[in-house]
Each structure stands twice: as structure tokens, then as C-alpha cells.
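# Summary of the model geometry
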Amino acid sequence: MVRKSQCAKALQQRSALGTEWDYHFMFEMQQLANSLVCRYKVVFDDNQTVRSVVWRRRRCLDLVPQ
């Protein structure tokens, strides 16, 4: 169970895919008495349409309600 989460400042960069935004979330894990840092990447094309989104770790995807 996740107790709470916080998001750090987003990081922006350009790549061959378009504009990438990386968000770093820190989830406090109640059962582990520890934190898990998850990176969420959003890639936009030149028209500012979302091209792809991805969690760096599969475990992070499982923590977020769909």
C-alpha cells in the first residue's frame, strides 16, 4: 500500500522522438517502511501531441490506479 507520493520538478529535453518530459515520483511504501522512486516519461511530437508515455519500472505502473 502506498502511503503518499510526491512529484519532483519535471525535466525537459529534446530528442529524435520529440520533446521529452521526465517526472520523478517518490512513493512511500507502507509495507516496506521505505520509498520507491519512479520515473514517468511523456514524449510529445512536433505538434505537441503525446507520442508515448512510459514508466521506467513495471512496479511503478502497478502502483498507479488505471
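Residues numbered from 1 in each chain as written. Predicted model: local features only at pLDDT ≥ 70, side-chain atom pairs only at ≥ 80, totals over all residues. Heavy atoms only, no water.

### Describing the overall build of the protein chain
When its secondary structure is counted, the protein chain shows one helix and five strands. When its helices and strands are written in sequence order, the protein chain yields β-β-β-β-β-α. A burial count over the protein chain gives 21% of its 66 residues as buried. When contacts within the protein chain are restricted to residue pairs at least 6 apart in sequence, long-range pairs at least 24 apart make up 27% of them. Per element, the accessible surface of the protein chain, about 5,000 Å² overall, is 51% carbon and sulfur. (Helix = DSSP H or I, 4+ residues; strand = E, 2+ residues; numbered from the N terminus. Buried < 20%, exposed > 50% of the residue type's maximum accessible area, 1.4 Å probe, protein only. Contact = heavy atoms within 4.5 Å. Areas by Shrake-Rupley, 256 points an atom, 1.4 Å probe, with all protein chains shown as cover.)

### Focus on the confidence of the model for the protein chain
If pLDDT is low for a region, its predicted coordinates should not be looked at in detail. With 86% of its residues at a pLDDT of 70 or more, the protein chain shows a mean pLDDT of 82. In the model of the protein chain, strand β1 (residues 2–7) stands out as the element of lowest mean pLDDT, 61, in contrast to strand β5 (residues 50–55), which has the highest, 93. (pLDDT = per-residue confidence, 0-100.)

### Some remarks on the state of the cysteines
Applying the stated criterion across every chain yields a total of one disulfide. Between the sulfur of cysteine 38 and that of cysteine 60 lies a disulfide, 1.9 Å long from S to S. Taking the torsion about the sulfur-sulfur bond, which here is approximately -80°, the covalent link between cysteine 38 and cysteine 60 counts as left-handed. Here cysteine 60 lies in helix α1 (residues 58–63) and cysteine 38 lies in strand β4 (residues 34–44), a separation of 22 residues in the sequence. Neither residue differs from the other here; cysteine 38 and cysteine 60 are each classed as buried. (Disulfide = S-S within 2.5 Å.)

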